[in-house]
Each structure stands twice: as structure tokens, then as C-alpha cells.
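Understanding the architecture of this molecule
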Amino acid sequence: MSTETDLIAAIEALGDKLAQARASINRRFIGQKNVVDLTLTAMLCGGHGLLIGLPGLGKTRLVDTVSTVMGLKGNRIQFTPDLMPADILGSEVLDISEDGKRAFRFIEGPIFCQLLMADEINRASPRTQAALLQAMQEGEVTVAGAHHQLERPFHVLATQNPIEQEGTYPLPEAQLDRFLVQIDVVYPDRDTERDILLATTGLEDGAAHQVFTAAELLEAQALLRRMPVGAGVVDAILDLVRACRPNEPEAHEAAREAVSWGPGPRAAQALMLTVRARALLDGRLAPSLEDVAAMARPVLSHRMALGFAARARGENLGDIIDRVAATATRLEDAA
């Protein structure tokens, strides 16, 4: 597709298909529109998502449903402190043939899939987390010096319990930065919880159907990168990221006073992709300043940290990001 008309037609067709995918997911994962949209955003951008929420909020159900709808081969790993890298990557075994010859054969681990649910990822040891980090960043694993490519597309949706921290290994900043977005899964409102009760405690459960194939998802990811982004949106992304760095001359006052370290260039790259995905999900042909403000929290929350004094004062990182985003996108003036 080389013409502008063809690009517009392809974007509109993809928007219709995404609407079908969202509707299919909502048959099993009721309500929580923002959670569904952010999950689809991560997949459209070819990235990984960090799902943070209490037990029982449907995170596992969401990942299982997304695997079905997007046509991806999925696996689930329950992380525990005694889990070793070989348990997720695979290992080599010694085979002896009928004629007595010996040779090593690689047996693939559960990471060889297209959508991996890493349940309670912060319960894994640093050694196992490092093995997963290579797979997330490089799309391959290394076992006994040999490189093994993972299937494409490859996405990790990891879960983390924000309350229970006993016996956990907090994710290092380098690994947190590999997650495209942080997806906060919160309690549903009363009406949504009523719908959940009625839909999931009867004889029949809602069924999702496949909308995408793996090849179609790869095509969607390529198309996303062809979406135009206006100069004003690019400037707003740069303003936002640089204003969140406390030591930059452009730092926002709130960030300078409360933030100990800010986001790097990968955050700006993530924003460039996610604002396009949000526009696609809304049926628009190009992102706007509102998209930048909306994606600020999911993209930046896990790429920044409050200083000790700010934590002692009870300040909230999300509120600070919202304030900086409102200034960077000029929405504060419009209000």
C-alpha cells in the first residue's frame, strides 16, 4: 500500500477489526474497558504489559481470553522463588540412539509461545528474572551457549500483587523499563460487579471467539508504525518526558521536588507507539494531545520513582504524572 487512500482504508479496516476483538474479550472479561484497551495497546505496539492488581480481579482470565481472541498460542508460568531459568527456557538432554551414539537435544520450555502469562513475576529470583528479560528484549533465549529464536509475535503479560511483598524480589528498573505499559487492574464498580456475578455463576460462561491470527497481528503492528503523528504531538511527548526528569532544565516543578529519577528515551518511544494505538482503538486516523495525556500514567508510572521525602509526605506518583502531562500537552491551559 503506497497511497494515502490505501493507508486510510487499512487503518479504518483495522479499527473495525479491533472493535470486534474488544467486543469478544468483553464477553468473558466484563467491564474494565481501560484494562482491555491497554492490553490491546501493548499487543498492537509489539510490547509487553505489567498487570498490577489484587488477586481475584480476573487477570488470568483476561490473558487467557486475549490469547483466544488474538489467535496466539499461550502459556502460563506461576513464578516461585525456587523456579530456575531452565524451568522457563528449556534445557538440553542427552539422547542415546539405537546405535549407541550420544547427542544433546534441546527441549523447549514454556516460554516458547506467542503470549506468555508470567504470574506473580516478582516472586522469581533475580537469576530467573534476568533470563526472562533477555527473552522480552531480544526475542530469543540462550541455553548452553546456543541461541534459540522465539516465535513472532511474542508478548509477555506479567502480573504482580501490589500488597503481598513477603518473599518477593522487586523487579529491577532495567526490567521494569522493558514493559511497554503498566496496567492497573482495580475493583469493578457496582454495576459491573453485578454483571460479573450473573455472567459467571450460572450454567454457561461467556465464550470469546478468535478475531485475529498471529500473521494479522504482525501486519497490524507494522501498520501502526505507519500512522502519521503530528509535530505538535511529538513535541508534547518530548516535553512530557523531559519535564519528568528532575535534573533537566525543563523539569516540571512537581517532578523536581518529588521525583528521584525520571524516564529515559525508551519512555518517549513507548509514548510514540501507544498514542497511535489509542487513536486506532478509538477509530481515529492520527493521535492527538489528549492521547498523550491519557497514556502518560500507563507508560511512565513504572519508569519513575518518588524520592524519600515525597513518600514521607504521602505524595502519589500518578497524580504528579497527571499534573506534568496536563502542562506538557497544554490541556491545563485549555481547562
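Preceding block: the structure.
Criteria and thresholds
Residues numbered from 1 in each chain as written. Predicted model: local features only at pLDDT ≥ 70, side-chain atom pairs only at ≥ 80, totals over all residues. Heavy atoms only, no water. Helix = DSSP H or I, 4+ residues; strand = E, 2+ residues; numbered from the N terminus. Rg over C-alpha atoms; globule rule 2.2 N^0.38 Å. Buried < 20%, exposed > 50% of the residue type's maximum accessible area, 1.4 Å probe, protein only. Areas by Shrake-Rupley, 256 points an atom, 1.4 Å probe, with all protein chains shown as cover. Lys, Arg positive; Asp, Glu negative; His and termini not counted. Charge placed at Lys NZ, Arg CZ, Asp CG, Glu CD. Contact = heavy atoms within 4.5 Å. Pairing = 2+ DSSP bridges. Axes fitted to C-alpha atoms, helices over the stretch in contact; angles between N-to-C directions. Core = buried A, V, L, I, M, F, W, Y, C linked by side-chain atoms within 4.5 Å. Salt bridge = Lys/Arg side-chain N within 4 Å of Asp/Glu carboxyl O. Patch = residues over 30% accessible without salt bridge, like charges linked within 9 Å, V, L, I, M, F, W, Y side chains within 5 Å.

Let's shift gears to the overall build of the chain. Of regular secondary structure, the chain possesses 15 helices and 11 strands. A compact globule built from 335 residues would reach a C-alpha radius of gyration of about 20 Å, and the chain, at 21 Å, matches this within 12%. Projected onto the principal axes, the alpha-carbon positions of the chain cover approximately 80 × 50 × 50 Å. Relative to its full complement of 335 residues, the chain shows a buried share of 48%. Of the accessible surface of the chain, which amounts to about 16,200 Å², a share of 51% is contributed by carbon and sulfur atoms. Charged side chains in the chain number 33 positive and 45 negative. The centres of these two groups are separated by 1 Å.

We now examine helix α8 (residues 214-224). If you check which residues of α8 are buried, you get A214, L217, A220, Q221, L223 and L224. Among the structural elements, α1 (4-26), α2 (33-44), β8 (155-160) and α11 (265-281) are those in contact with the buried residues of α8.

On to the sheet that holds β8. Two modes of strand pairing occur in sheets, parallel and antiparallel, and in both the strands are linked by backbone hydrogen bonds. Strand order in the open sheet formed by 5 strands is β2-β5-β8-β1-β9, with parallel pairing between adjacent strands. Either end of the sheet is taken by a strand with one partner, and the two such strands are β2 (74-78) and β9 (181-184). Strand-to-strand twist of the sheet, defined as the mean angle between neighbouring strand axes without regard to direction, takes the value 20°.

Before going further, it helps to examine the nonpolar core. One finds I25, L51, L62, M70, F212, L240 and L300 to be the most contacted residues of the largest nonpolar core, which totals 76 residues. If you tally residues by element for this core, the top one is α11, at 10 residues. Once residues within four sequence positions are removed from consideration, F212 is found in contact with L14, K17, L18, A21, V69, M70, G71, L217 and A220. Grouped together as the second largest cluster of nonpolar side chains are 28 residues, I52, L83, F112 and A118 included.

With that settled, consider the pattern of salt bridges. This model, assessed by the stated rule, comprises 19 salt bridges. A salt bridge links E315 to R313; the shortest N-O distance between them is 2.6 Å. We classify E315 as partly exposed; its relative accessible area is 27%. Judged by relative accessible area, R313 falls into the partly exposed class, the value being 48%.

One can find T274 in helix α11. The class of T274 is buried, set by a relative accessible area of 0%. If we skip the residues at most four places from it in the chain, T274 touches T41, C45, L180, V181, M295 and V299.

Okay, a nonpolar patch on the surface next. The grouping of L94, I96 and F104 at the surface amounts to a nonpolar patch, some 340 Å² of accessible area in total. Take F104: it is sitting in strand β4 (residues 102-108). On the basis of relative accessibility, which here comes to 61%, the residue F104 falls in the exposed class.

There is a patch of like negative charges on the surface, built from D189, D191, E193 and D195. Within the secondary structure, D189 is located in the loop between β9 and α7 (190-200).

In this structure, strand β3 (residues 90-96) lies alongside β4, joined through 7 bridges in antiparallel fashion. Looking across to β4, one finds that S91 is bridged to I107. Connecting β3 to the next strand, β4, in antiparallel fashion are 5 residues, including G100 with a positive phi near 90°.

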